[in-house]
Amino acid sequence: MKRIFDIIFSIIALIIFLIPILVISLLLKFKEKHPIIFKQKRIGFKKKSFDILKFQTMVNNIPTQTGNFLRKTGLDELPQFINVLKGDMSIAGPRALTDYDVERLNWNNDFYISRWDVKPGITGFAQIYGGQNKKTSWFWDKKYVAAGNVFIDFTLVMVSFSMNLFGKTKIRKMIWAEKDLK
């Protein structure tokens, strides 16, 4: 059921965002004159590596003008729907990490093995709830691995979409009713 959700949702998203994808591609190619797609090796299901696709947002490690906008709105991740169609990723799941991230977090031992039992996602608990440190991210990844299902995936997509429209801080404040979240 999850794979069917991933495929159907990805096709719908690519159709809905077709015009923005074309506009972004033209801006990157002709205005900023650099490659449209950025590929990076990430660790996926059962620790198998794959190339994650994103719109190119930086040149020489400096975000471009268009890149800043794309990153702020999350539009830089639209090409990841192709990763989902290919089966490398899911719509929802733990964040796709690099080898460097796995080493930095020291998540390369058996204690963290369950994290690799699901495909990484475009969105997930850690992305929504702001899991930016080792313990918080691991907490949310474990929670997703244990409870992930299509209903949770759909909810995560809706919350992520709201964050893209209204901003992460505003939505997180609504979720937790706290004023100091960033």
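Everything discussed here concerns the structure shown above.
Residues numbered from 1 in each chain as written. Predicted model: local features only at pLDDT ≥ 70, side-chain atom pairs only at ≥ 80, totals over all residues. Heavy atoms only, no water.

## Description of the nonpolar core
Using the following cut-off: Residues belong to a common nonpolar core when they are buried Ala, Val, Leu, Ile, Met, Phe, Trp, Tyr or Cys residues joined through side-chain atoms within 4.5 Å. For each residue, the accessible area found with a 1.4 Å probe, counting protein chains only, is set against the maximum for its type, and the residue is called buried under 20%, exposed over 50%, and partly exposed in between. Counting from the N terminus, the helices are DSSP H or I runs at least four residues long and the strands are E runs at least two residues long. The contact criterion used is simple: two residues touch if any of their non-hydrogen atoms lie within 4.5 Å.
Counting 18 residues, the largest nonpolar core has Ile24, Phe55, Leu78 and Ile91 as the members making the most contacts within it. For this core, the secondary structure elements donating two or more residues are helix H1 (2-16), helix H2 (18-31), strand S2 (49-55) and helix H4 (80-86). When residues no more than four places from it in sequence are discounted, the contact partners of leucine 78 are Leu14, Phe17, Ile21, Ile24 and Phe55.

## A few points about the packing of aromatic side chains
Short version of the rule: We call Phe, Tyr and Trp rings a pair once their centres come within 6.5 Å, taking the six-membered ring for Trp, and we label the pair stacked below 30 degrees between planes, edge-to-face above 60, and tilted otherwise. Only when the NZ atom of a Lys or the CZ atom of an Arg is both within 6 Å of the ring centre and within 35 degrees of the ring normal do we say a charge sits over the ring.
On inspection of all chains with the given rule, the structure shows 10 aromatic pairs. Ring plane angle 45° and centroid distance 6.2 Å describe the contact between phenylalanine 9 and phenylalanine 81, whose orientation is recorded as tilted. Of this pair, phenylalanine 9 sits in helix H1 while phenylalanine 81 sits in helix H4, and the two are 72 residues apart along the sequence. On the accessibility criterion, phenylalanine 81 (9% relative accessible area) is buried. Ring centres of tyrosine 112 and tryptophan 138 lie 4.7 Å apart, and the angle between their planes is 75°; this geometry places the pair in the edge-to-face category. Of this pair, tyrosine 112 sits in the loop between helix H5 (99-105) and strand S6 (121-123) while tryptophan 138 sits in helix H7 (residues 134-147), and the two are 26 residues apart along the sequence. With respect to burial, tyrosine 112 and tryptophan 138 carry one shared label: buried. Joined through ring pairs, the aromatic side chains of Trp107, Phe111, Tyr112 and Trp138 make up one cluster. The residue whose ring lies beneath arginine 115 is tryptophan 116, and the NZ or CZ to ring-centre distance is 4.8 Å.

## Side note on the packing of H1 against H2
The relative placement of two packed helices comes down to the angle between their axes together with the axis-to-axis distance. Note the cut-off: Orientation is described by lines fitted to C-alpha atoms, with helices fitted over the stretch in contact, and by angles between N-to-C directions that extend from 0 to 180 degrees. By the definition adopted for this analysis, an angle is roughly parallel if under 35 degrees, roughly antiparallel if over 145, roughly perpendicular if from 65 to 115, and oblique otherwise. Three classes are used: nonpolar for Ala, Val, Leu, Ile, Met, Phe, Trp, Tyr, Cys and Pro, charged for Asp, Glu, Lys and Arg, and polar for all others, with Gly counted as polar.
Their axes nearest at 4 Å, the elements H1 and H2 cross at an angle of 60°. In terms of their interaxial angle, H1 and H2 are classed as oblique. Within the contact between the two elements, H1 uses Leu14, Ile15 and Ile16 and H2 uses Leu18, Pro20 and Ile21. Classifying every residue of the contact of H1 with H2 gives six nonpolar, no polar and no charged.

## Some details on unusual backbone geometry
Here the phi dihedral of asparagine 61 falls at roughly 65°; this positive angle occurs in a residue that is not glycine. Residue placement: asparagine 61 occurs in the loop between strand S3 (58-59) and strand S4 (62-63). On the basis of relative accessibility, which here comes to 70%, the residue asparagine 61 falls in the exposed class. You will see that asparagine 106, though not glycine, has its phi angle at about 60°, which is positive.

## Focus on a nonpolar patch on the surface
Selection rule: Exposure above 30% relative accessible area and no salt bridge define the residues that can form patches, which grow by joining like charges within 9 Å and nonpolar side chains of Val, Leu, Ile, Met, Phe, Trp and Tyr within 5 Å. Using a 1.4 Å probe, the Shrake-Rupley method yields the accessible areas, and only the shown protein chains count as cover for residues. When a carboxyl oxygen of Asp or Glu lies within 4 Å of a side-chain nitrogen of Lys or Arg, that pair is called a salt bridge.
Together, Leu18, Ile19, Leu22, Val23 and Leu27 make up an exposed nonpolar region whose accessible area comes to about 430 Å². Note that isoleucine 19 resides in helix H2.

## Quick word on the pattern of salt bridges
Between side chains of opposite charge, pairing is possible as soon as their charged atoms come close. Here the structure, examined in full by the defined rule, presents seven salt bridges. Residues lysine 46 and aspartate 117 are paired through a salt bridge, measuring 2.9 Å at the closest nitrogen-oxygen approach. Highlighted residues: lysine 46 in the loop between strand S1 (37-43) and S2 and aspartate 117 in the loop between H5 and S6, separated in sequence by 71 residues. Aspartate 88 is the partner of lysine 86 in a salt bridge, and the nearest nitrogen-oxygen pair spans 3.8 Å. Since its relative accessible area comes to 54%, lysine 86 is described here as exposed.

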